[in-house]
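This is what each chain is made of:
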Amino acid sequence: MTGPPGATRPGASPEGSNGSRPNSAGEEPARSSEPADPAEARGDDAPAAAPERPTDADSGTDPDADAASGTDGGSAAADGAAADAGSAEEKSAGRNAEQQKPGKKAKDREKPRAGRQQPEATAEPAGAASEPSDGSSKRAPAEMRVPELHSGHKLARRYRLEECVTRLDGFSSWRAVDEKLRRAVGVHVLPVGHARARQVLAAARSAALLGDPRFVQVLDAVEEGELVYVVHEWLPDAVPLSELLAGGPLEPHEAYQLVNQLAQALAAAHREGLAHLRLTPSCVLRTGMGQYRIRGLAVNAALRGVTSEHPQRNDTEAIGALLYAALTQRWPYEEGAHGLPGTGSLDIGALVAPEQLRAGVHRGLSTLAMRALVNDGATASRQEQPCTTPDELCKAVASLPRIRPPEQAFTTPPPYPRTAYQQGSFAAPGVPGGAAPGSPAAVPGAEPPAPPALPGRTGKALKWGVSALLIAALGLGSWQIADALLKGEPVKEKPTKPVEGEDKPVQTGKPIKIQEVQDFDPESSDGREKPERAGDAVDGDPGTYWLTDKYLGHPTFGNLKSGAGLILDLGSTRQVSRLKVDFIGKTSASFLAAPKSVTNTPSSLGSFSKVTNGSGEHLTLKAKKPIKTRYVLLWLTKLPATDGGDYRGRVTEVQVLS
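Residues numbered from 1 in each chain as written. Predicted model: local features only at pLDDT ≥ 70, side-chain atom pairs only at ≥ 80, totals over all residues. Heavy atoms only, no water.

**Points about the overall build of the protein chain**
Thought 1: A count of helices and strands for the protein chain gives twelve helices and 15 strands.
Thought 2: Residue pairs at least 24 apart in sequence account for 65% of intrachain contacts in the protein chain once pairs closer than 6 positions are excluded.
Thought 3: Entry remark: accessible area of the protein chain is about 39300 Å², with carbon and sulfur atoms responsible for 52%. (Helix = DSSP H or I, 4+ residues; strand = E, 2+ residues; numbered from the N terminus. Contact = heavy atoms within 4.5 Å. Areas by Shrake-Rupley, 256 points an atom, 1.4 Å probe, with all protein chains shown as cover.)

Written out as structure tokens, the structure reads:
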């Protein structure tokens, strides 16, 4: 006997299937033309949005589909129950009335139950659409809720958010303004209940303690209320390596500077127990002075939950990938190419050396990139051992022959444009420059003609008049001198009157007592340069000295700043004529002085005026004429090299002379 139509309708199954079953041969019959998906039944043309609907945690099905299938299933069950009751009533027609009464009661009981199911089935899709069964649309716990952040929002009444740069995985990154110091900063913000909030705070505080100027400095790491935020430097003039590579591969000298500076910086970080683990082209910044700086040390990996059992190997491979991209403008991995075309996996049979991928690549840098990338014992040349740590990579870079920077191309300046009227003559037709054909000015490269003399009697009269005046003046002066000599009187000179308010110069060359000395480093993030040893430069003992920090790469403070020095306070305004300084190693320095009107210690380099400069181990910096000042600045601009391969300035003694 065939059942009611509701029992065989597609979608009657609670699981939302089309209700088809395999036939006896084990083959699945063709599906009904009626769409099983409620969205298709409604005619919605949004197939791409279907996978993102919340699903049931237990059954793994779509809540909307469950709601729809539940409605059909309820009606089908009611119809099936009614059909079964009807068939039972037909079969029991021959029975007595007492036996038929229970069947009728059951049928009567089924009708109101089916009637009660209909409102519940119609209300169920609305509830499923508004709140899925897995609870994915429920409100997040209080500790994971983040206050609404927007442009203009302030953190700690100091950091004003300006622009959201990244919003990912429960945290956001912003460009902000430090209203207290009036400078741009970067801020990472995440809720205090975030799973990685503690790791981010610990990583930020560890990176801040490193204090290496080759990394973008962490300025603050705070847990405040419902938020955890990390504040770091923002370099508006720096360009990410990803933008540099978008314009083409780097020159060999620039690529050498890149790998050298990155290897030295990460070697220093690993010595302090810190690793980056997410070194990408967007994390490497090139400043206007050619210095490469790394941002996100330890913090970027903590924000994304990245860990590693071999951090030194991972950072070394990242440097090799950056060098590979700088030489070829291609990324050595297929995954995460950062906007660059990939070249294949790291299999030695598939990865092509940069010198084979692009013509003109420096062979030493190509081999160095492969040594840093391949850490399984095989390299591109199969002769050099792989570099597994940043320290080994530093040694490999140092062993390369020197790569000279490219020479600047000289362009010939354009010829000077000649006007139609020049040197007192009009331009002749068809001749540029206003010269007549055949004249010297018409010849290319010839000197223009001299202006003509005054014509006629006026010129002659003027010439004789000027000559007569000169002769008369000479004669009068000679007569006065001769008359004075004959009378025996000395020639009197007019006395010069001193300028009112000008102080009479005192005797020069005497040492002036220095009342106070302090370090001066206005261009660094902390503003200090070994302040505890500043007094050793004026203690009269040549065995003690004040020294600067160590700088790598260049004697000009590693191209990080223009200099550092010492401020000498004389106690009051004094006359100063020279500055005597003794260094360890040949050092370049300048003698600067503040105006005599300044009574407080200056805080910026612009408050001083340059007097003179020099270079050597024993300098005497002498002013052209004595000056009046209270504050004298010894400003070091170029440092000598030390035995360790870095650069450091050391001042053993400094004297101020009147």
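**Let's talk about the pairing of strand 4 (residues 183–191)**
Thought 1: Of all the nine residues making up strand 4, seven are buried; the element is thus mostly covered by neighbouring parts of the structure.
Thought 2: Hairpin connection, strand 3 (residues 171–178) to strand 4: the antiparallel pair is bridged by four residues, and Arg 182 has positive phi, about 55 degrees.
Thought 3: Summarising the sheet, strand 4 and strand 6 (residues 227–233) pair through seven bridges and their orientation is antiparallel. Among the inter-strand pairings, Pro 191 is bridged to a residue of strand 6, identified as Leu 227. (Buried < 20%, exposed > 50% of the residue type's maximum accessible area, 1.4 Å probe, protein only. Pairing = 2+ DSSP bridges.)

**A look at the sheet that holds strand 2 (residues 159–168)**
Thought 1: Taking strand neighbours across the sheet as the criterion, the six strands line up as 1-2-3-4-6-5 in an open arrangement whose pairing is antiparallel. Looking at which strands have only one partner, the edges of the open sheet turn out to be strand 1 (154–155) and strand 5 (218–224).
Thought 2: Strand direction decides the pairing type here: strand 1 and strand 2, joined by two bridges, are antiparallel. Bridging from a neighbouring strand, Leu 155 pairs with Tyr 159 of strand 2.
Thought 3: Contacts from helix 4 (residues 197–210) reach strand 4, strand 5 and strand 6, with the element oriented near 150 degrees to strand 5. (Axes fitted to C-alpha atoms, helices over the stretch in contact; angles between N-to-C directions.)

**Examining the pattern of salt bridges**
Thought 1: Under the counting rule described, the total for this entry stands at 19 salt bridges.
Thought 2: Where Glu 355 meets Arg 363, a salt bridge forms, and the shortest distance between an N and an O atom there is 3.9 Å.
Thought 3: Judged by its relative accessible area of 63%, Arg 363 is exposed.
Thought 4: When the shortest N-O distance is used, the salt bridge between Asp 519 and Arg 528 registers 3.2 Å. (Salt bridge = Lys/Arg side-chain N within 4 Å of Asp/Glu carboxyl O.)

**Some remarks on the nonpolar core**
Thought 1: With 49 residues, the main nonpolar core has Leu 250, Leu 258, Leu 279, Val 284, Leu 368 and Leu 393 as its most contacted residues.
Thought 2: Going through the elements one at a time, helix 5 (241–246), helix 6 (252–271), strand 9 (292–294), helix 8 (311–328), helix 10 (363–373) and helix 11 (390–398) are the ones with two or more residues in this core.
Thought 3: Here this core gets ten residues from one element, more than from any other, and that element is helix 6.
Thought 4: With near-sequence residues (within four places) excluded, Leu 250 lies in contact with Leu 241, Leu 244, Leu 245, Ala 255, Leu 258, Tyr 292 and Ala 326. (Core = buried A, V, L, I, M, F, W, Y, C linked by side-chain atoms within 4.5 Å.)

**A closer look at the state of the cysteines**
Thought 1: A full pass over the atoms with the stated rule returns zero disulfides.
Thought 2: Among the cysteines around Cys 394, which has no disulfide bond, Cys 387 carries the closest sulfur, lying 9.6 Å off. (Disulfide = S-S within 2.5 Å.)

**A closer look at the environment of Val 654**
Thought 1: Here Val 654 is to be found in strand 15 (residues 650–657).
Thought 2: Sequence-distant contacts of Val 654, defined by excluding residues within four places in its chain, comprise Ile 514, Ala 537, Val 538, Leu 568, Leu 579, Lys 580, Val 581 and Leu 634.

**Considering the environment of Glu 224**
Thought 1: Among the secondary structure elements, Glu 224 is positioned in strand 5.
Thought 2: When sequence neighbours within four positions are dropped, the list of residues in contact with Glu 224 reads Ala 156 and Tyr 229.
Thought 3: In terms of polar contacts, Glu 224 uses its side chain to reach the side chain of Tyr 229, at 3.1 Å. (Polar contact = N/O pair within 3.5 Å; in protein donor to acceptor, adjacent residues only side chain to side chain.)

**Here's the deal with unusual backbone geometry**
Thought 1: Positive phi is not limited to glycine here, since Asp 169 has a value of about 55 degrees.
Thought 2: Looking at where Asp 169 falls in the secondary structure, it is placed in the loop between strand 2 and strand 3.

**Remarks on the side chain of Thr 316**
Thought 1: Relative to the assigned elements, Thr 316 resides in helix 8.
Thought 2: Judged by its relative accessible area of 0%, Thr 316 falls in the buried class.
Thought 3: Ignoring any residue separated from it by four or fewer positions in sequence, one finds Thr 316 in contact with Ala 372, Cys 387, Thr 388, Thr 389, Pro 390 and Leu 393.

**Points about a nonpolar patch on the surface**
Thought 1: On the surface, Leu 462, Val 466 and Leu 470 cluster together into a nonpolar patch covering about 280 Å² of accessible area.
Thought 2: Of note, Leu 470 is situated in helix 12 (residues 456–487). (Patch = residues over 30% accessible without salt bridge, like charges linked within 9 Å, V, L, I, M, F, W, Y side chains within 5 Å.)

**A word on the environment of Ser 658**
Thought 1: By the secondary structure assignment, Ser 658 is in the segment after strand 15.
Thought 2: With 31 residues separating them in the primary sequence, Ser 658 and Ile 627 have C-alpha atoms 8.9 Å apart.

**Focus on the pairing of strand 15**
Along any regular strand, the residues point their side chains to alternate faces of the sheet.
Thought 1: Most of strand 15 sits out of view: seven of its eight residues are buried.
Thought 2: Where strand 12 (residues 546–547) lies against strand 15, two bridges are found, and the strand directions are antiparallel. Bridge pairing in strand 15 places Leu 547 opposite Arg 650.
Thought 3: Pairing of strand 13 (residues 564–593) with strand 15 involves six bridges; the strand directions are antiparallel.

**Here's the deal with the sheet that holds strand 8 (residues 284–286)**
As a general point, the strands of a sheet are linked pairwise by backbone hydrogen bonds and lie either parallel or antiparallel.
Thought 1: An order of 7-8-9 is seen for the three strands of this open sheet, with the pairing classed as antiparallel. Strands at the two margins of the open sheet, each flanked by one partner only, are strand 7 (239–240) and strand 9.
Thought 2: Pairing between strand 7 and strand 8: two bridges, direction antiparallel. The residue of strand 8 that forms the bridge with Val 239 is Arg 286.
Thought 3: Along the sheet, helix 6 contacts strand 8 and strand 9; its crossing angle with strand 9, the most-contacted strand, is approximately 40 degrees.

**Focus: the packing of aromatic side chains**
Working definition: an aromatic ring pair is given by the centre-to-centre distance plus the angle between the planes.
Thought 1: Inspection of the entire model under this criterion finds four aromatic pairs.
Thought 2: Judged by centre distance (5.1 Å) and plane angle (70 degrees), the ring pair of Tyr 551 and Phe 557 falls under edge-to-face.
Thought 3: Since its relative accessible area comes to 5%, Tyr 551 is described here as buried.
Thought 4: A network of ring pairs unites the aromatic residues Phe 520, Phe 608 and Trp 635 as a single cluster.
Thought 5: Over the face of the ring belonging to Tyr 545 we find Arg 533, whose NZ or CZ atom lies 5.1 Å from the ring centre. (Phe/Tyr/Trp six-rings, centres within 6.5 Å; stacked < 30°, edge-to-face > 60°. Lys NZ or Arg CZ within 6 Å of the ring centre and 35° of its normal.)

**A word on helix 11**
For an α-helix the count is 3.6 residues per turn, leaving residues at separations of three or four pointing the same way.
Thought 1: Three or more residues of helix 11 are buried, namely Pro 390, Leu 393, Cys 394, Ala 396 and Val 397. End-on view of helix 11: buried residues confined to an arc of 165 degrees, all on one side of the axis. Turned more than 90 degrees from where helix 11 packs its buried face, Lys 395 and Ala 398 sit exposed.
Thought 2: Contacts from the buried residues of helix 11 go to helix 6, helix 8 and helix 10. (Arc of directions from axis to C-beta.)

**A few points about the side chain of Asp 646**
Thought 1: Tracing the backbone through its elements, the reader meets Asp 646 in the loop between strand 14 (609–638) and strand 15.
Thought 2: For Asp 646, the contacting residues outside a window of four places in its chain are Lys 550, Tyr 551, Leu 552, Pro 640 and Ala 641.

**Some thoughts on helix 10**
Thought 1: For helix 10, the buried fraction is high: nine of the eleven residues fall into the buried class.
Thought 2: Of the residues making up helix 10, those classed as buried are Leu 365, Ser 366, Thr 367, Leu 368, Ala 369, Met 370, Arg 371, Ala 372 and Leu 373.
Thought 3: Packing partners of the buried residues in helix 10 comprise helix 6, helix 8, helix 9 (354–357) and helix 11.

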